[in-house]
Amino acid sequence: MLFRSAIETRVSHIEVETSADEKRDKLGDLVDQMDNVKITDTDLVGLNGPEKIVKHPLQNSWTLWFFKNDKARSWEENQKPIITVNTVEDFWSLYNHIEVASKLPPGSDYSLFKEGIFPDWEDKRNQPGGRWIINLDKRQRAEHLDNYWLEILFFLIGEHADQYAFQVNGAVVNVRGKGDKLAIWLADATHGDSIIRIGKMLKERLGIDPGERIGFNIHNEEKSKSSSLKKQKFYV
């Protein structure tokens, strides 16, 4: 099991010193400049010096996706895979190459899913499941969005759902003009005990006030036209 402390101890060794302006220049159009976020062993040698690279494998491989709201393309075409990572070092190198979520243009998404899973509820591995949803007012963006997203990434790649990690397929952050949304996607909506346990873990990890409730939506029920409140089958 890969614990958060093991991940965090690697940060100082692989940070990329890139200014905010340089990041924006690189990622002004993430789809058209995909090569700017490709991570190779050569990149890591440059960051860590010429000594032999020692990598710490993740339990699963994870693919980062970027969604750009281009109305000339279909929703599926707007989903672009950036890279798949399978070590702690590659994750941090990727994270330090890309723009933080709060700086993305409205209408953009980041998604991180286990390799082979498309970030859509029609994917066969997502269909039976659902998602925990955390809504943020746009006034909360500067204070919470990036920290919440990074903590969720830790939760995923570190397998912090413990015995329920089999349930965790991925996560999405939606950046929108009126407010942002984070969602943690689980594989099977019939496993109520694991759903509740993961929801409680997330609330504790993100430091969400115990008096504030978050809800779990089932994908198949979200497709219906009923009220969104009726779609939420679990709360913590």
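No experiment lies behind these values; they were computed from the predicted model shown. (Residues numbered from 1 in each chain as written. Predicted model: local features only at pLDDT ≥ 70, side-chain atom pairs only at ≥ 80, totals over all residues. Heavy atoms only, no water.)

(A) Main features of the environment of N217. When you line up the elements, N217 lands in strand β7 (residues 215-218). Sequence-wise, N217 and F234 are 17 residues apart; in three dimensions their C-alpha atoms are separated by 7.5 Å. There is a polar contact of 3.2 Å between the side chain of N217 and the side chain of E222. (Helix = DSSP H or I, 4+ residues; strand = E, 2+ residues; numbered from the N terminus. Polar contact = N/O pair within 3.5 Å; in protein donor to acceptor, adjacent residues only side chain to side chain.)

(B) Structural context of the packing of aromatic side chains. Applying the stated criterion across every chain yields a total of eleven aromatic pairs. These aromatic residues form a ring-pair network of at least three members: W65, F67, W75 and F118. The ring of Y235 carries R213 above its face, with NZ or CZ at 4.1 Å from the centroid. (Phe/Tyr/Trp six-rings, centres within 6.5 Å; stacked < 30°, edge-to-face > 60°. Lys NZ or Arg CZ within 6 Å of the ring centre and 35° of its normal.)

(C) Region of interest: the packing of helix α6 (residues 88-97) against helix α7 (residues 141-157). Running from amino to carboxyl end, α6 crosses α7 at an angle of 160°, the nearest separation of the two axes being 12 Å. Looking at the two axes, α6 sits roughly antiparallel to α7. In the packing of α6 onto α7, the handedness of the crossing is right-handed. Here F91, W92 and Y95 of α6 come into contact with α7, specifically with L150, L153, F154 and I157. The residue makeup of the contact of α6 with α7, split by class, is seven nonpolar, no polar and no charged. (Axes fitted to C-alpha atoms, helices over the stretch in contact; angles between N-to-C directions. Parallel < 35°, antiparallel > 145°, perpendicular 65-115°, else oblique. Left-handed = near helix turned anticlockwise from the far one by under 90°. Contact = heavy atoms within 4.5 Å. Nonpolar A, V, L, I, M, F, W, Y, C, P; charged D, E, K, R; others polar.)

(D) Just the packing of α7 against helix α8 (residues 192-206), in detail. It is at 10 Å that the axes of α7 and α8 come closest, and there the two elements cross at 135°. Classified by the angle between their axes, α7 and α8 sit oblique to one another. Considering only the axes of α7 and α8, their crossing is right-handed. On α8, the residues touching Y148, E151, I152, F154 and F155 of α7 are I198, M201, L202, R205 and L206. Considering only residue class, the contact of α7 with α8 consists of eight nonpolar, no polar and two charged.

(E) Structural view of the nonpolar core. The biggest cluster of nonpolar side chains holds 51 residues, and the ones touching the most others in it are Y110, W132, W149 and L182. In terms of residue count, α7 provides more of this core than any other element does, ten residues in total. Each residue touching L182, except ones within four places of it in the same chain, is listed here: W132, I133, I134, L136, L145, Y148, W149, I152, V172 and V173. One finds F113, I133, V172 and W185 within the second-largest nonpolar core, a separate group that totals six residues. (Core = buried A, V, L, I, M, F, W, Y, C linked by side-chain atoms within 4.5 Å. Buried < 20%, exposed > 50% of the residue type's maximum accessible area, 1.4 Å probe, protein only.)

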